[in-house]
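Survey of secondary and tertiary structure
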Amino acid sequence: MAGLATAGALTAVSAEKAAAQAASDSVLRTALDRGKLIVGTGSTNAPWHFENDAGELVGMDITMGRILAKGLFDDPTKVEFVMQDPAQRIPNVTTNKVDITIQFMTMTAQRSQLIHFSRPYYVEGVALLTLPGSENKTFDKLLAAGSATRISILQNVDAENSVHFALPQAQVMQIDTQANVLQALESKRVDAAAVDLSTVRWLASRNPDKYFDAGKSWYSMLYGAAVRQGDLDWLTYVNQTFTIAMFGHETALYDAAFKEYFGQEPPPRHPGFPVI
């Protein structure tokens, strides 16, 4: 029980005293002094950031912001979400308009030259969405059908290669919008839609009578939060808070969101050797 006793003792340290230990220009000190966290995000992309039927801003990105606020103030509501265009995800961090950007941002070496990324909080990928009543609704059936398999995907320079990585013989239909990619599937013009894994899990779990997860994903992409460079105190806080929420003793918020937005239980964490 020594660890628990130590943890309890540390909670007696006030936020003000803790903030005083951070660098004077650290976002950690600024946010604590301000009394709220400011998070840059979006509002139109389920399951990451969107408005529910009650008009509340929800999603996995929103939950990650609330996890940080709970760590800072023991109150997940002490956060202001600033709506921003994806093109502003980096500029708003570097100009201090927001404390952090949490907006389904893929970690890349090029972006890392401009901002610091937090530890990843989700691994995205390409996956296949099919129809539950389709004869070829599983990946194995789609693969076996060879050149007869038709796949819709959002138009981009890597679309053909992306599909053919998993289905080498499939016909690829590149379409102008994500909505039309799904419409091609719903109208049965294609056998499957190649979209983000998170989209597949969201749609299949919310509408099992309409969509089916074919059971295949590839091309891992890491999602991380963005903070400005040169602020080690803030970056360290964000990383440690995310790690505790994903692998430690305070996983309730993360686990509930993972199940709500992806329709799955997070894998169990076992005491002992640290696998994080």
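Residues numbered from 1 in each chain as written. Predicted model: local features only at pLDDT ≥ 70, side-chain atom pairs only at ≥ 80, totals over all residues. Heavy atoms only, no water.

**Things to note about the UniProt feature "domain: Solute-binding protein family 3/N-terminal" (unreviewed entry) in the chain**
The UniProt feature table records "domain: Solute-binding protein family 3/N-terminal" (unreviewed entry) at residues 36-265. Annotated as 34% helix and 26% strand, the span residues 36-265 places its first and last C-alpha atoms 30 Å apart. (UniProt positions renumbered as here; feature names shortened; annotations may be inferred. Helix = DSSP H or I, 4+ residues; strand = E, 2+ residues; numbered from the N terminus.)

**Concerning unusual backbone geometry**
Each neighbour pair has its own omega, and for Ala46 with Pro47 the value is 5°, a cis peptide bond. Within the chain, Asn96 stands out as a residue other than glycine whose phi angle is a positive 65°. Mapped onto the secondary structure, Asn96 falls in the loop between α5 (91-94) and β6 (100-101). With a phi angle near 30°, Phe104 is a residue other than glycine that sits in the positive phi range.

**Points about the pattern of salt bridges**
For the coordinates displayed, the defined rule picks out nine salt bridges. Taking the shortest distance from any N to any O, the salt bridge between Arg269 and Asp255 comes out at 2.7 Å. With Arg269 in the segment after α11 (252-262) and Asp255 in helix α11, this residue pair connects regions lying 14 residues apart in the sequence. Of the charged contacts, one joins Glu265 and Lys259 as a salt bridge, the two residues approaching to 3.0 Å between their closest N and O atoms. (Salt bridge = Lys/Arg side-chain N within 4 Å of Asp/Glu carboxyl O.)

**Things to note about the side chain of Ser162**
Tracing the backbone through its elements, the reader meets Ser162 in helix α7 (residues 159-166). In contact with Ser162, other than residues within four places in its own chain, are Val126, Ile153, Trp218 and Tyr219. (Contact = heavy atoms within 4.5 Å.)

**Topic: α11**
Of all the residues in α11, the buried ones are Tyr254, Asp255, Ala257, Phe258, Tyr261 and Phe262. The arc that holds every buried residue of α11, seen down its axis, measures 165°, which confines them to one face. Those residues of α11 that are buried lie in contact with β3 (49-51), β4 (57-58), α4 (60-73), β8 (122-130), α9 (197-206) and α10 (232-247). Of the residues flanking the end of α11, it is Gly263, one or two places downstream, whose phi is positive at about 70°. (Buried < 20%, exposed > 50% of the residue type's maximum accessible area, 1.4 Å probe, protein only. Arc of directions from axis to C-beta.)

**With respect to the environment of Lys216**
By secondary structure assignment, the location of Lys216 is in strand β12 (residues 212-223). Overall, Lys216 belongs to the partly exposed group, its relative accessible area being 28%. Each C-alpha atom, one on Lys216 and one on Thr138, is 8.3 Å from the other, the two residues being 78 residues apart in sequence. Non-local contacts of Lys216, meaning those with residues more than four positions away in its chain, are made with Val126, Ala127, Leu128, Phe139 and Ala166.

**Looking at α9**
The buried fraction of α9 amounts to eight of the 10 residues, a majority that puts the element mostly inside the structure. For α9, every residue scored as buried is listed here: Leu197, Ser198, Thr199, Val200, Arg201, Trp202, Leu203 and Ala204. On its buried face, α9 sits against β3, β8, α8 (178-186), β11 (192-196), β12 and α11.

**Some thoughts on the environment of Thr44**
Of note, Thr44 is situated in strand β2 (residues 44-45). Taking C-alpha positions, Thr44 is 28 Å from Asp74, a pair spaced 30 residues apart along the chain.

**Focus: the nonpolar core**
In terms of nonpolar packing, the biggest core is built from 56 residues, with Leu72, Ile100, Ile102, Tyr121, Leu129 and Trp234 touching the most fellow members. Examining the composition of this core, we find that eight residues originate from one element, α4, more than from any other. Not counting chain neighbours up to four residues away, the residues in contact with Ile100 comprise Ile38, Val39, Gly40, Leu68, Val93, Ala225, Ala226, Val227, Trp234 and Val238. The next biggest cluster of nonpolar side chains, apart from the first, holds 16 residues, and it includes Phe139, Leu142, Val163 and Ala192. (Core = buried A, V, L, I, M, F, W, Y, C linked by side-chain atoms within 4.5 Å.)

**As for the sheet that holds strand β10 (residues 171-175)**
In spatial order, the strands read β10-β9-β11-β8-β12; together these five strands make up an open sheet with mixed pairing. Looking at which strands have only one partner, the edges of the open sheet turn out to be β10 and β12. In this sheet, adjacent strand axes meet at a mean angle of 25° when their direction is disregarded. Note that strand β9 (residues 150-154) and β11 share three bridges and pair parallel. Its bridge partner being in β11, Ile151 is matched across the sheet by Ala192. (Pairing = 2+ DSSP bridges. Axes fitted to C-alpha atoms, helices over the stretch in contact; angles between N-to-C directions.)

**So, the packing of α4 against α10**
Two measures define how a pair of helices packs: the angle their axes make with one another and the distance between the axes. Running from amino to carboxyl end, α4 crosses α10 at an angle of 105°, the nearest separation of the two axes being 10 Å. Taken together, the axis directions place α4 and α10 in an arrangement best described as roughly perpendicular. Contact residues: α4 offers Met64, Ile67, Leu68, Gly71 and Leu72, while α10 offers Trp234, Tyr237, Val238, Thr241, Phe242 and Ala245. Among the residues making up the contact of α4 with α10, the classes are represented as nine nonpolar, two polar and no charged. (Parallel < 35°, antiparallel > 145°, perpendicular 65-115°, else oblique. Nonpolar A, V, L, I, M, F, W, Y, C, P; charged D, E, K, R; others polar.)

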